[in-house]
Amino acid sequence: MTQTPARRIPIPPWLASTSIARLLDLLGDARFVGGAVRDTLLGRDVGDLDLATPLTPDAVMSRLEAGNIRMVPTGLSHGTVTAVLEDRSVEITTLRRDVETDGRHAVVAFTDDWDEDAARRDFTMNALYLDRAGDLWDPLGTGIDDAQAGRVRFVGDAAARIEEDALRILRFYRFQAHYGAVPIERETRLACCRRAGALGRLSGERIRAELFKLLEAENPLPSLTALVEDAIWRKIGLPEPVALNRLVRLLRHDPGRDALRRFASLLKDGVTETVMRLRLSNEEAERLHALVSWTIPEWNVGAVAHRRAIYEYGRRYYRDLALLAVARGRDPAPLADHLSGAASWPIPTFPIRGRDLITLGLTPGPVVSDTLRLVETWWAEGDFSADRDACLAQARRILANRDPTG
Ligand code: ATP
Ligand code: MG
């Protein structure tokens, strides 16, 4: 059993907060683990907080209750309770070891042994623990060095760890994208390739979460390229060919780290299958469809056509589509002007509504929206300059010319 901490580090601001101090007072024996510790060590922004403790979930819950801290039993079967503090939530998980795994789920046993808990974690850099005094614990002995050197290494034998849980394949490429040095270790890639068949059994939600986190890396390209070359992309059921060259161009011109936009740059078609496979939300599905199938006018067709596109697609989609046009090979030189134009142009409001047409004598029904749309198109083609009266006059002209039998 690890008896001494590897080193002491300055207490990070998130650990010094009052709410965290109160939580630690209640729990007593608890150490932060995973992302927060790894990112603190590497001087990166810290995301969510995971706390490990030898207390059983029941004991955790009764202590939180005694301290009047709201809790959510997020994953009791694997030992996790979420404490909802004033300023953030903390996931508290009882130290555990995996007793039995079927490639997707693990049967766990609770333990009070920190070394056992470290041994069931995925990568050495994720098995670091930090206590409230600022003592950093590295039960496996190589976690700190691996994190600092960008070595994404499985805890123990890679093949065996992947066998236990196929999601770890995707987690490997994800952590490689964010923390890994290149070139990626050949042996680990081979281990991932060999067991990639098991990826087909994973749920879309879990695949989506890992893939999108990978795509949010500052430079996801080396890891993503490896993932495609290693046929992981195909084995998770995503469509080919994968337009990696488009992502290369997007990264060059797009300062954002939007996962869905990056993802859209990679797809040539197969959006529907992708949406189903990754179980994207309606909003994500809609955006992905738009980004893969819509286009904005060529740069040189004039400002009016671009304002129409901004009006029709909305600012956000226009921006997405402009960046993707460049990713697909369009001249990047005019991009910045078009983006700033789209950001600053005050989008006009169409000056008439359905009820105006009803006042003009139309019977409520589809004819109202059809006519409204015709007037709106005319208004947009005229660079949005017609005012309300002019739009009403145009509506009258359309109605007067209407085929009375149609
Ligand atoms: P992030 O910054 O993205 O939250 P993280 O390292 O905290 O990164 P989580 O997915 O939040 O990643 O998981 C928390 C910790 O739980 C990991 O650091 C790792 O120790 C462990 N863990 C998570 N998923 C697995 C898994 N599939 N197999 C083994 N250990 C895992
Ligand atoms: Mg985390």
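In what follows, the structure referred to is the one given above.
Residues numbered from 1 in each chain as written. Chains lettered and ligands numbered in written order. Predicted model: local features only at pLDDT ≥ 70, side-chain atom pairs only at ≥ 80, totals over all residues. Heavy atoms only, no water.

Draft legend 1. Representation of the packing of aromatic side chains. Across all of its chains, the model carries 17 aromatic pairs by this definition. Their ring planes at 85° and their centres at 4.9 Å tell us that Trp14 and Phe32 sit as a pair that is edge-to-face. Here Trp14, found in the loop between strand 1 (7–8) and helix 1 (18–27), pairs with Phe32, found in strand 2 (residues 31–33); they are 18 residues apart in sequence, far enough to count as distant. Residue classification places Trp14 among the buried residues on the basis of a relative accessible area of 11%. Exposure remark for Phe32: the relative accessible area of 1% places this residue in the buried category. Look at Trp294 and Tyr317: their rings are 5.6 Å apart centre to centre, the planes differ by 70°, and that puts the pair in the edge-to-face class. Of this pair, Trp294 sits in the loop between helix 15 (282–293) and helix 16 (303–313) while Tyr317 is found in helix 17 (residues 315–327), placing the two residues 23 residues apart along the sequence. Judged by its relative accessible area of 12%, Tyr317 falls in the buried class. Connected via pairs of aromatic rings, a cluster forms that spans Phe123, Phe154, Phe172, Tyr173, Phe175 and Tyr179. Across from the ring centre of Trp137, 3.8 Å away, lies the NZ or CZ of Arg31, which sits over that ring. (Phe/Tyr/Trp six-rings, centres within 6.5 Å; stacked < 30°, edge-to-face > 60°. Helix = DSSP H or I, 4+ residues; strand = E, 2+ residues; numbered from the N terminus. Buried < 20%, exposed > 50% of the residue type's maximum accessible area, 1.4 Å probe, protein only. Lys NZ or Arg CZ within 6 Å of the ring centre and 35° of its normal.)

Draft legend 2. Up close: the site of ligand 1. Surveying the vicinity of ligand 1 reveals 15 residues, the closest of which are Gly35, Arg38, Asp165, Arg168 and Arg174. Arg38 places a polar side-chain atom, nitrogen or oxygen, 2.7 Å from an oxygen atom of ligand 1. Within the contact set of ligand 1, an oxygen atom lies 3.0 Å away from a side-chain nitrogen or oxygen of Arg171. A total of 580 Å² of accessible area belongs to ligand 1 in isolation, and the protein chains cover 81% of it. Put simply, the parts of the chain that give the shell around ligand 1 at least two residues each are helix 2 (35–41) and helix 7 (167–179). (Near = heavy atom within 4 Å. Polar contact = N/O pair within 3.5 Å; in protein donor to acceptor, adjacent residues only side chain to side chain. Areas by Shrake-Rupley, 256 points an atom, 1.4 Å probe, with all protein chains shown as cover.)

Draft legend 3. Structural context of unusual backbone geometry. Residue Pro183 follows Val182 across a cis peptide bond; omega there is -5°. For Pro183, the location among the structural elements is in the loop between helix 7 and helix 8 (186–194). Omega for the bond connecting Glu240 with Pro241 falls within 30 degrees of zero, at 0°, which places this linkage in the cis form. Checked against the element boundaries, Pro241 lands in the loop between helix 11 (232–235) and helix 12 (244–253). One non-glycine residue, Arg279, lies in positive phi territory at about 50°. Within the secondary structure, Arg279 sits in the loop between helix 14 (271–278) and helix 15. Unusually for a residue other than glycine, Asp383 sits at a positive phi of about 55°. Given a relative accessible area of 27%, Asp383 falls into the partly exposed group.

Draft legend 4. Structural context of the packing of helix 7 against helix 8. Between helix 7 and helix 8, the least distance of the axes is 9 Å, while the angle of their chain directions is 145°. Crossing of helix 7 against helix 8: the hand is left-handed. Where helix 7 approaches helix 8, its residues Ile169, Phe172 and Tyr173 are matched on the opposing element by Thr188, Arg189 and Cys192. Its residues placed into classes, the contact of helix 7 with helix 8 shows four nonpolar, one polar and one charged. (Axes fitted to C-alpha atoms, helices over the stretch in contact; angles between N-to-C directions. Left-handed = near helix turned anticlockwise from the far one by under 90°. Contact = heavy atoms within 4.5 Å. Nonpolar A, V, L, I, M, F, W, Y, C, P; charged D, E, K, R; others polar.)

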